[in-house]
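Residue-level structural notes
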Protein chains: 2
Amino acid sequence: MSTKKSRLTVADVASAANVSKATAARVLGGYGLASETARKAVLEAAERLGYQPNDLARSMSTGRSGLIGVVVGDIENAFFSLAVRGISDTARAAGLNVIISNSSEQITEEREMVSVLLRQRVAGLIVAPTDARQLDHLKSAITSGVPVVTLDRWSPDLPADAVCGDDRASAISVLQHLQGAGHLHVAYVTAMTSRSGRLSAPEDVGISAVRERIEGFLAASDQAGAPTPRQMVFTNATDDAATARIVDKVLAQSPRITALLASDSLVGARLFRALTNRGVRLPRDMSLVSWFDADWTRVTSPQISVVDQPTYLFGQRAAERLIRRLKGDTTEPQRLLIPTPLIDRGTIGPAPL
Amino acid sequence: MSTKKSRLTVADVASAANVSKATAARVLGGYGLASETARKAVLEAAERLGYQPNDLARSMSTGRSGLIGVVVGDIENAFFSLAVRGISDTARAAGLNVIISNSSEQITEEREMVSVLLRQRVAGLIVAPTDARQLDHLKSAITSGVPVVTLDRWSPDLPADAVCGDDRASAISVLQHLQGAGHLHVAYVTAMTSRSGRLSAPEDVGISAVRERIEGFLAASDQAGAPTPRQMVFTNATDDAATARIVDKVLAQSPRITALLASDSLVGARLFRALTNRGVRLPRDMSLVSWFDADWTRVTSPQISVVDQPTYLFGQRAAERLIRRLKGDTTEPQRLLIPTPLIDRGTIGPAPL
DNA sequence: TTGTATGCGTTATCAG
DNA sequence: CTGATAACGCATACAA
């Protein structure tokens, strides 16, 4: 009799409590006025029947969805999953739910995911844009009133808050540190794909964080008088086999390369394995610095020197900024740079020779 | 003039195309009939205006939300983030979106998250229940018509599909393997918290996967004639310091413990660090096997022997099962056991003495 | 303080 | 084939 519909509504509670739908809605929604007696009757009825509000309907009415959308490159990567945790924790504390999706670092997937999230009427978006030159989908989100915060990446073309590491500066300071230890010939290795296996132009690097690190790398190399620094940027380190081939090239190169920079912790692990397999000893034969303080960097011997990117904090800050926007902050978009200090563990040594 | 409301609706498109709302809805929604001319007019207008459907409203109308809710113990843990990736990929391919939340392995948080997801009217739930003895919230979800699939964990009390590793069997086979190498005194180390630091009773282990592994461990120990196997289960390995204390206890114990089982890869890494710090050499002085084939297990030397839990596959299978349920499958709930083979890399050696 | 009536943007029914 | 019109579950002006 009573259970003809799938789930109960305010109307059911209202009639059970002998009040109008509006009154029941008011006390259940926690807004407007209601007498103490009415309130008690409604709450008692709701409890007894096991009423659960329908947030979908509420969102339709209010226009607010209570959802924020997140698009990261790859949730499997600890870099992002830590950031996601930071976002989740902060969002939840503010009563917001989080929908997460992956772009697999591909612009078509990123567009698709943003579109899906927009259709779900998310209140705001946190995105790690995979290509700084293709931001139209994010621009139009902003135009249509959905605030966007970019994570780990940034573009001057996009009027959105950004939370990033200080990539250019940290690349420079790492390189200077290495130069101080006598390393003139340093290579930068990234999983970014390219035809030639070497860097064409820094402008061709879609992920702004990587581009800025490379720019810093090139600037510091130039300044130290390193020859052909652009030839020292190796791309396509997408798996163990490809990375092993890069290591072979590196080891064969003359003048001898004495230090390696890994663009992220996955590349770092691949480099470490390839070097170890070839009997190269760290840091005696080769120095190594990896971006991101991943777990694995502290179980090797020696432990790996890293550029520490506190991505949980990235996530927290990004969520905080977004929440501020959702509360109506309309000040100028801000770019928040989070320091990413070098933690020199055991893989920076004096340059051999 | 034209842009008075925040976003456009079918009505806007309809009037722009000079058709009725109903007709516009039909072609935009891809249901019902429409003449070729009407269809063209509507699509053209939608394109021109930049119409984007409102999935919230659609969900309200249809009752289907197109969302599935996921509650894992900790998204930072590669075990879960891999599984989440498997879920996401599979769900997306079926046109479903995924809302992810963390329980932090605490039942109150798990309850809260399930409740939030239910209010969002998710179509189904994938949960890694943190306590097999507290499942009422999941039961009532099922009762109210929301299918549930449990991930990595399982309870006979819950009428839900489950996708798990074969924990009991793999624990037994690992122990037998160790026994074959002469190890009689083996310890099991877990991050589960307990007052005493040792196992009281297996029934007190809330996470069913861990309980089953411990049961297997105890059974195989008993059968091999190991004395007081229950004393060989060490709890509270929640961080490096606590784990180091456990290692001290282990090393001090007599008869000498010659092999360690790590309940997950975080515990494994902590054990590895503590052992290494103390100059214990693997596998000469101590053998070590960790559950989960985490990244870090292949950069140590020697590489770590692991029980391989293919959690991406766990996620895929769980999503597939859920999708099947959403399509109306009402057959008996099934428990899918996924093999978790031992990969013996370099940390199982002959027992010393 | 409470109730009535209407709107949110869809889908879906049912005459024309 | 098309067009009114009524849901869906809640919020909210406005009236009582």
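Residues numbered from 1 in each chain as written. Chains lettered and ligands numbered in written order. Predicted model: local features only at pLDDT ≥ 70, side-chain atom pairs only at ≥ 80, totals over all residues. Heavy atoms only, no water.

As annotated in an unreviewed UniProt entry, chain A carries the name HTH-type transcriptional regulator KdgR and is attributed to Pseudooceanicola algae.

Looking now at the pairing of strand β6 (residues 186-189) of chain A. Residue and element names in this part refer to chain A. Here β6 shows no split at all, with Val186 and Tyr188 on one side and Ala187 and Val189 on the other all buried. Relative to strand β8 (residues 259-262), β6 is paired through four bridges, and the arrangement is parallel. Within β8, the position partnered with Val189 by the bridge is Ala262. Where β6 and strand β7 (residues 233-234) come together, two bridges link them in parallel fashion. In the strand pairing of β7, Val189 is matched with Phe234. Assessed by its sense of winding, the connection that carries the chain from β6 through helix α9 (residues 208-223) to β7 is right-handed. (Buried < 20%, exposed > 50% of the residue type's maximum accessible area, 1.4 Å probe, protein only. Helix = DSSP H or I, 4+ residues; strand = E, 2+ residues; numbered from the N terminus. Pairing = 2+ DSSP bridges. Right-handed = clockwise from strand over helix to strand, strands pointing away.)

On to the interface of chain B and chain A. Each partner contributes to the interface: chain B provides 44 residues, whereas chain A provides 44 residues. A buried area of about 4600 Å², summed over both sides, lies between chain B and chain A, and 53% of it is on carbon and sulfur atoms. In this assembly, chain B and chain A are joined by six salt bridges. A salt bridge links A:Asp74 to B:Arg85, with the nearest nitrogen and oxygen atoms 3.3 Å apart. (Contact = heavy atoms within 4.5 Å. Buried area = accessible area lost by both parts, 1.4 Å probe. Salt bridge = Lys/Arg side-chain N within 4 Å of Asp/Glu carboxyl O.)

On to the environment of A:Leu138, then. All names here are of chain A. Within the secondary structure layout, Leu138 lies in helix α7 (residues 136-143). Assessed through its relative accessible area of 0%, Leu138 is described here as buried. On a C-alpha basis, the gap between Leu138 and Phe292 in space is 27 Å, while along the polypeptide they are 154 residues apart. Excluding residues that lie within four positions of it along the chain, Leu138 makes contacts with Glu110, Val114, Val127, Pro129, Val148 and Leu158.

On to the relation of the copies chain B and chain A. For the match of chain B to chain A, the screw axis carries a shift of 0.0 Å, the RMSD comes to 0.1 Å, and the turn is 180°. Here the transformation between the copies is reduced to the relation of a two-fold axis. When the interface residues of chain B are mapped onto chain A, 100% of them are again interface residues, pointing to one common binding face. (Least-squares fit on C-alpha atoms with pLDDT ≥ 70 in both.)

Attention now moves to the protein's contact with DNA strand D. Around DNA strand D there are 24 residues in total, and A:Tyr51, A:Arg58, A:Ser61, B:Thr23 and B:Ser35 lie nearest to it. Protein-adjacent atoms of DNA strand D, using a 4 Å cutoff, are sugar or phosphate at a proportion of 64%. With respect to DNA strand D, the side chain of A:Arg58 contributes an N or O atom lying 2.5 Å from a phosphate oxygen. Note that a base oxygen of DNA strand D is positioned 2.4 Å from one of the side-chain N or O atoms of A:Ser61. In terms of residues, the surface near DNA strand D owes the most to one element, helix α4 (residues 55-62) of chain A, which gives four residues. Its residues assigned to classes, the surface near DNA strand D comprises 12 nonpolar, eight polar and four charged. (Near = heavy atom within 4 Å. Polar contact = N/O pair within 3.5 Å; in protein donor to acceptor, adjacent residues only side chain to side chain. Nonpolar A, V, L, I, M, F, W, Y, C, P; charged D, E, K, R; others polar.)

The description of two aromatic rings rests on the distance between their centres and on the angle between their planes. Under the definition given, this model contains 12 aromatic pairs over all chains. When the centroid spacing of 5.0 Å and the interplanar angle of 90° are considered together, the rings of A:Phe79 and A:Phe80 count as edge-to-face. Judged by relative accessible area, A:Phe79 falls into the buried class, the value being 9%. Measuring from centroid to centroid gives 6.0 Å for B:Tyr188 and B:Trp291, while their planes differ by 55°, and the two rings are tilted. Taken as a pair, B:Tyr188 in strand β6 (residues 186-189) and B:Trp291 in strand β9 (residues 287-291) lie far apart in primary sequence, 103 residues in all. Exposure class is identical for B:Tyr188 and B:Trp291. Each is buried. Of the aromatic side chains, those joined through ring pairs into one cluster are A:Phe79, A:Phe80, A:Phe292 and A:Phe314. Against the face of A:Trp154 rests A:Arg335, its NZ or CZ located 3.7 Å from the ring centre. (Phe/Tyr/Trp six-rings, centres within 6.5 Å; stacked < 30°, edge-to-face > 60°. Lys NZ or Arg CZ within 6 Å of the ring centre and 35° of its normal.)

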